[in-house]
Amino acid sequence: MCGWTRGSGTCKMAGVKAAELIVICFMLLQGFVAAFNCTSPTPAALFDELAKHLFSNKLLRPVETFAKPINISISITVAGILGVDEKTQTLSSVLWQVLEWDIEGLNWDEKECAAKRVSVPRDNLWVPDIQIKQLLDEASSTKTPYVYLYNTGHVYDDKPITVVTSCQLGIYTFPFDIQNCSLTFGSYIHFATDIQMIQGATAEKVLKESRDVIVTNGEWELADINIADSSLHLDDGSYSEITYYIVLRRRPIVYVVNLLVPSCFLITVDLFSFVLPPQSVDRSSFKMTLILGYTVFLLIMNDLLPVTGEKTPLINVFFSISLALMVASLLETLFITNIQYKPREYSAVPHWLSVLVLRYLAVLVCIPPKERSNRVTVSLNPSHKAPSVNTSATSLSDHQSIADVTLSGKAAPASLDSPEPVVEQLRMLGRELTAIRVQMDKYCQGTKATQEWEMIGTVIDRLLFGLYIIFIFVSFITIISIWIWHNSFAA
């Protein structure tokens, strides 16, 4: 049996049990050995020495004194992004976690023991209790029961872990959002006076290795990785921690194709529906069909939309604005149709409205005013005064010819010596022509009011169509600008 002393590195043989007990007690009190010798350059001889002098101390933190902290170097590689759940605010990922530390005082001669490093069961060594602060669930993953132990006392612990961690997700710019999830590694029970966390590989190296080995090609892509030292301060003490910031970017192509493009198509169809005549009832029916189809579309695609978040996603605002525009377009069509179909129920167009709409707004929307046609008005008076004529197309000789025809047709049986029947017939004919003239004047006045109301409806329809286009472009450009600004700020 070899007894071990610190500093000199010499091995002295002891022949009595009392000496062995003294050496063992001294070893437990003073820490681990400086070196040991293999009886032969075989794995069995090396493991015998390890079992005797190292594995038996697996419950002790491998330091010279308990007042001295042990440095734990940590490095991770993101091997896969399994998913991000907006409802539960969680990130599921596959990590390769590498922990490295040194067992103070442990070393052996590489030539004497014929090994520079050996794999030993993890359960036979002291292993730091490094946990992820944001851990919610550790899914089933392959367990690696071994670690590498080097002849210098260096321990290399590499294992894959599948974890579900909490992540505060911001879905305001969905589906063009960028998420920043943090993974904080540190000891669960040991204070900073016992365990000090040290950054292993640099952030650039971790990012490069992660992109090289990542196996998932789903909705999310790894954009960047940042590393920072941190500490948790409590009343009893502080904990040393290392925080990895995993920056993820969503691939928006699925949502653009399935949500945004169909919505833009429906808005465009609704926009071109203004080409239909405003007096046509088919326009309102067409717009109602569009609203119904868009509502069904939103119900079908509702599962693709995020359901939680501190702010309402911009895409929800986009859909709400699109639906509101369709409803406003339908209301505008109903208003114009009402003006076009029921002009006779209204009085004459007010002068101020006619001037405002037909003189100013018509020019604004590029609708030239219609030229008024010259209307011929025949004025007949039952008295013997000469009739008045507005145009050269009607003359007094025309009335005389009509009277002659009437006299020759109706008054022929009467005697020329008795003019009373002729005068009575003329008076009756005058009354009938007067009634016809009154009816024609009323009709012409109603036609003029109808034309003015229809013209007003056409101008208002063109004006609202222009405002509709402007509001669509302003709303969409604003939403797109906010998307771009938030993404550039997050990046």
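Right, let's walk through the structure included here. Position numbers for residues count from 1 along each chain, tracking the sequence in the order it is written. The model is predicted, so local features are restricted to residues of pLDDT at least 70 and side-chain atom pairs to those at 80 or more, both for listing and for counting; the totals for chains, interfaces and linings are taken over all residues. Here the side-chain values reflect all heavy atoms present in the structure, with hydrogen atoms and water set aside.

1. Observations concerning the overall build of the chain
Inference 1: Helix numbering and strand numbering both begin at the N terminus, where a helix is a DSSP run of H or I of at least 4 residues and a strand a DSSP run of E of at least 2. Regarding its fold elements, the chain presents 10 helices and 15 strands.
Inference 2: Working definition: with a 1.4 Å probe on protein chains only, accessible area under 20% of the residue-type maximum means buried, over 50% means exposed, and in between means partly exposed. Across the 491 residues that make up the chain, the buried fraction comes to 37%.
Inference 3: By definition in these notes, contact holds between two residues if any of their heavy atoms fall within 4.5 Å. Within the chain, counting contacts between residues at least 6 apart in sequence, those at least 24 apart form 76% of the total.
Inference 4: The Shrake-Rupley method, run with a 1.4 Å probe sphere, supplies the accessible areas, and residue values consider only the shown protein chains as cover. For the chain, the exposed area adds up to about 28,500 Å²; of that, 61% sits on carbon and sulfur atoms.

2. Focus: the side chain of glutamate 332
Inference 1: Tracing the backbone shows glutamate 332 in helix H7 (residues 314-341).
Inference 2: Residues in contact with glutamate 332, not counting those within four places in the same chain, are Phe274, Arg283, Ile460, Asp461 and Leu464.

3. Quick notes on the state of the cysteines
Between two cysteines, a covalent bond joining their sulfur atoms is known as a disulfide.
Inference 1: Two cysteine sulfur atoms form a disulfide, by the criterion used here, when they sit within 2.5 Å. Taken as a whole, this structure holds one disulfide when the rule is applied.
Inference 2: One disulfide bridge connects cysteine 167 with cysteine 181, the sulfur atoms lying 1.9 Å from each other. Disulfide cysteine 167 to cysteine 181: torsion about the S-S bond roughly -85 degrees, handedness left-handed. Linking cysteine 167 in the loop between strand E9 (154-166) and strand E10 (178-187) with cysteine 181 in strand E10, this pair joins segments that are 14 residues apart in sequence. Each member of the pair, cysteine 167 together with cysteine 181, is buried.

4. As for the environment of leucine 136
Inference 1: Among the secondary structure elements, leucine 136 is positioned in strand E7 (residues 135-138).
Inference 2: Taking C-alpha positions, leucine 136 is 7.7 Å from valine 163, a pair spaced 27 residues apart along the chain.
Inference 3: Beyond its immediate stretch of four places on either side in the chain, leucine 136 contacts Thr90, Val164, Thr165 and Ser166.

5. Structural notes on a nonpolar patch on the surface
Inference 1: Patches draw on residues past 30% relative accessible area with no salt bridge. Two like charges within 9 Å are joined, as are two nonpolar side chains (Val, Leu, Ile, Met, Phe, Trp, Tyr) within 5 Å. For this analysis, a salt bridge means a side-chain nitrogen from Lys or Arg found within 4 Å of a carboxyl oxygen belonging to Asp or Glu. On the surface, a cluster of nonpolar side chains totalling about 270 Å² of accessible area is made up of Ile253, Val254 and Val257.
Inference 2: Residue valine 254 is classed as partly exposed on the basis of its relative accessible area, which comes to 45%.

6. Re the pattern of salt bridges
In a structure, side chains of opposite charge can pair up when their charged atoms sit close to one another.
Inference 1: Summed over the entire model, instances satisfying the criterion amount to 11 salt bridges.
Inference 2: Linking arginine 283 and glutamate 332 is a salt bridge whose minimum nitrogen-to-oxygen distance equals 3.9 Å. A residue pair is termed long-range when its members are at least 10 positions apart, and arginine 283 in helix H6 (residues 281-300) and glutamate 332 in helix H7 qualify at 49 residues. The pair arginine 283 / glutamate 332 is uniform in exposure class, with both members buried.
Inference 3: The salt bridge involving aspartate 461 is made with arginine 283; its shortest N-O contact spans 2.8 Å.

7. Let's talk about the packing of aromatic side chains
Inference 1: Pairing of aromatic rings covers Phe, Tyr and Trp, the last through its six-membered ring, and needs centres within 6.5 Å; plane angles under 30 degrees mean stacked, over 60 mean edge-to-face, and all others mean tilted. With the rule as written, the count across this model stands at 10 aromatic pairs.
Inference 2: Ring centres of phenylalanine 185 and tyrosine 244 lie 5.8 Å apart, and the angle between their planes is 90 degrees; this geometry places the pair in the edge-to-face category. Of this pair, phenylalanine 185 sits in strand E10 while tyrosine 244 sits in strand E13 (residues 238-250); the two residues are 59 residues apart in sequence, bridging distant segments of the chain.
Inference 3: With a relative accessible area of 0%, tyrosine 244 lands in the buried category.
Inference 4: Considering the side-chain rings of phenylalanine 274 and phenylalanine 465, the 5.0 Å spacing of their centres and the 40 degrees angle between planes classify their relative orientation as tilted. Within this pair, whereas phenylalanine 274 is found in the loop between helix H5 (253-272) and H6, its partner phenylalanine 465 is found in helix H10 (residues 420-490), the two being separated by 191 residues in sequence.
Inference 5: Joined through ring pairs, the aromatic side chains of Phe274, Phe465 and Tyr468 make up one cluster.
Inference 6: Counted as over-ring charges are cases with an Arg CZ or a Lys NZ within 6 Å of the ring centre that also lie within 35 degrees of the ring normal. In this structure, arginine 117 is placed above the aromatic ring of tyrosine 148, and the distance from its NZ or CZ to the ring centre is 4.2 Å.
Inference 7: Sitting over the ring of phenylalanine 274, lysine 287 keeps its end group 4.2 Å from the ring centre.

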